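Read off the chains here:
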There are 2 protein chains.
Amino acid sequence: MLDDLDRKLLDILVKDSRASLKELAQQVGLSSPSVSERLRRLEERGVIRAFTVEIDPEALGYPLQAIVRIRPLPGKLHIVQQLIEEIPEFGECDKVTGDDCFVARLYVRSMSELDKLLDRIADKAETSTAIIKAQPIRRRPPPMGNA
Amino acid sequence: MLDDLDRKLLDILVKDSRASLKELAQQVGLSSPSVSERLRRLEERGVIRAFTVEIDPEALGYPLQAIVRIRPLPGKLHIVQQLIEEIPEFGECDKVTGDDCFVARLYVRSMSELDKLLDRIADKAETSTAIIKAQPIRRRPPPMGNA
DNA sequence: ATGAAATGCTGGACGATCTGGACAGAAAGC
DNA sequence: GCTTTCTGTCCAGATCGTCCAGCATTTCAT
């Protein structure tokens, strides 16, 4: 599916998605049109979901983050899921097995905002909230083999 | 701190970090040298943490993900944290308030690999694992105002 | 107020980079 | 063994990024 060169390109792009085709090309030992073509195909196949930028939430005014576990009350699952999706402060949400139906990340400006946001789902689900104190590992991709 | 143009640039870059300076420039109504300078400063100030690429984990051979809550045994906190950081299959880890000391995301190839990886910390911490069934919201930044 | 300095922008020139097309070689299918 | 397909290279025209000089606006000390 992916060959070594693809993995190597991905590895470089994870660290710098603005790397020029020329630079990518010399790193992997191809010409730039070839690299261009590979990138096009990686994107087309969905291997590359997006070229994006990682932003410090604090710079946008969100100094606090919380992990919220959410157990919708009987019959409320879909309403709760929709509500979560509509609240832009949710920065991530996974639907999981087990008692907790959803595990989500919430960006907030303050404790009172956290309280206010959780109130919006309080009548439709039970929640358990944990404030994030530190981030030992920030989002990174799974191992890419020998890259 | 950030003005409207900065937010607009970030908004565009979140969706396409390979956008050319020229394109960014016309979207925000500046010249390309100005945009170049703004990007340089956003990066320098740490607002932009990284230009990166979002990869489909499945394409790298990791079709399963789990959320693992980790409660190190007394005195084992640092060892556990170090262990987590060293295991590349952990794709994210937050240190939180409450009983669960860490909440982490684990990429795995199979259930048996999940079991094998959790065994590596089993003698140093209690864990609760939830398999991810769906991702209603994939990683996204907090609201950027009127962008 | 006023002048100096700093900031942030523009436009143009030049060099670097990208794109698209013509073509070549290896692998796969008939 | 020949054709088709896939992946790559090379080249030239088009596009893009960077550097620099100059200008407007703001800030601040006088």
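That block above? That's the structure.
Source: prediction; values computed, not measured.

**With respect to the state of the cysteines**
What makes a disulfide is a covalent bond joining the sulfur atoms belonging to two cysteines.
Residues and elements named next belong to chain A.
Inference 1: By the definition in use, this model includes zero disulfides over all chains.
Inference 2: Between Cys-93, a cysteine without a disulfide, and Cys-101, which holds the nearest cysteine sulfur, the sulfur-to-sulfur distance is 8.6 Å.
Inference 3: Residue class for Cys-93 comes out buried when judged on its relative accessible area of 1%.

**Observations regarding the protein's contact with DNA strand D**
Inference 1: Near DNA strand D, the surroundings consist of Leu30(A), Ser31(A), Pro33(A), Ser34(A), Arg38(A), Arg41(A), Ser20(B), Leu21(B), Lys22(B), Ser32(B), Pro33(B) and Ser36(B).
Inference 2: Counting only atoms of DNA strand D within 4 Å of the protein, the sugar-phosphate share comes to 85%.
Inference 3: At 2.4 Å, a side-chain N or O of Arg38(A) approaches a phosphate oxygen of DNA strand D.
Inference 4: A distance of 2.9 Å separates a phosphate oxygen of DNA strand D from a polar atom in the side chain of Lys22(B).

**Some points on the protein's contact with DNA strand C**
Inference 1: Taken together, Ser20(A), Leu21(A), Lys22(A), Pro33(A), Ser36(A), Gly29(B), Leu30(B), Ser31(B), Pro33(B), Ser34(B) and Arg38(B) are the residues near DNA strand C.
Inference 2: Each atom of DNA strand C within 4 Å of the protein belongs either to a base or to sugar and phosphate, the latter forming 79%.
Inference 3: In this structure, Ser31(B) approaches DNA strand C through a side-chain N or O atom, which is 2.6 Å from a phosphate oxygen.
Inference 4: In this structure, Ser34(B) approaches DNA strand C through a side-chain N or O atom, which is 2.8 Å from a phosphate oxygen.
Inference 5: Put simply, the parts of the chain that give the surface near DNA strand C at least two residues each are helix 2 (21–28) and helix 3 (32–44) of chain A together with helix 3 (32–44) of chain B.
Inference 6: Tallying contributions element by element places helix 3 of chain B first for the surface near DNA strand C, with three residues.
Inference 7: Here the surface near DNA strand C is built from residues that sort into four nonpolar, five polar and two charged.

**Here's the deal with the packing of helix 1 (residues 4–15) of chain A against helix 2 of chain A**
All names here are of chain A.
Inference 1: For the pair helix 1 and helix 2, interaxial distance at closest approach is 10 Å and the crossing angle is 130°. Accordingly, the angle class assigned to the pair helix 1 and helix 2 is oblique. Seen from above, helix 1 lies across helix 2 with right-handed handedness. Of the residues in helix 2, those touching helix 1 at Leu-5, Lys-8, Leu-9, Ile-12 and Leu-13 are Leu-24, Gln-27 and Val-28.

**Points about the relation of the copies chain A and chain B**
Inference 1: Superposition record for chain A on chain B: RMSD 0.0 Å, screw rotation 180°, translation along axis 0.0 Å. Both chain copies can therefore be described as sitting about a two-fold axis.
Inference 2: Mapped onto chain B, 100% of the interface residues of chain A are again interface residues, and the two copies thus contact each other with one and the same surface.

**Quick notes on the nonpolar core**
As a rule of thumb, soluble globular proteins bury nonpolar side chains together.
Inference 1: In terms of nonpolar packing, the biggest core is built from 23 residues, with Leu10(A), Leu24(A) and Ile55(B) touching the most fellow members.
Inference 2: Elements that contribute at least two residues to this core include exactly helix 1, helix 2, helix 3 and strand 1 (48–55) of chain A together with strand 1 (48–55) of chain B.
Inference 3: Ranked by residue count, the leading element in this core is helix 1 of chain A, at five residues.
Inference 4: Core analysis: the second largest hydrophobic core is formed by 22 residues, Tyr107(A), Leu2(B), Ile12(B) and Met144(B) among them.

**Quick word on the interface of chain A and chain B**
Inference 1: With 64 residues of chain A in contact, the opposing surface of chain B contributes 64 residues.
Inference 2: Between chain A and chain B, a total of about 6100 Å² is buried, with carbon and sulfur atoms accounting for 57% of that surface.
Inference 3: Contact with chain B buries surface across chain A, with Arg18(A), Arg49(A) and Arg139(A) losing the most and accounting together for 13% of the total.
Inference 4: For the interface between chain A and chain B, the tally reads twelve salt bridges.
Inference 5: We note a salt bridge from Arg105(B) to Asp94(A), for which the minimum N-O separation is 2.8 Å.
Inference 6: Linking chain A to chain B there are 41 residue pairs in polar contact (both at pLDDT 80 or more).

Cut-offs applied
- Residues numbered from 1 in each chain as written.
- Chains lettered and ligands numbered in written order.
- Predicted model: local features only at pLDDT ≥ 70, side-chain atom pairs only at ≥ 80, totals over all residues.
- Heavy atoms only, no water.
- Disulfide = S-S within 2.5 Å.
- Buried < 20%, exposed > 50% of the residue type's maximum accessible area, 1.4 Å probe, protein only.
- Near = heavy atom within 4 Å.
- Polar contact = N/O pair within 3.5 Å; in protein donor to acceptor, adjacent residues only side chain to side chain.
- Helix = DSSP H or I, 4+ residues; strand = E, 2+ residues; numbered from the N terminus.
- Nonpolar A, V, L, I, M, F, W, Y, C, P; charged D, E, K, R; others polar.
- Axes fitted to C-alpha atoms, helices over the stretch in contact; angles between N-to-C directions.
- Parallel < 35°, antiparallel > 145°, perpendicular 65-115°, else oblique.
- Left-handed = near helix turned anticlockwise from the far one by under 90°.
- Contact = heavy atoms within 4.5 Å.
- Least-squares fit on C-alpha atoms with pLDDT ≥ 70 in both.
- Core = buried A, V, L, I, M, F, W, Y, C linked by side-chain atoms within 4.5 Å.
- Buried area = accessible area lost by both parts, 1.4 Å probe.
- Salt bridge = Lys/Arg side-chain N within 4 Å of Asp/Glu carboxyl O.

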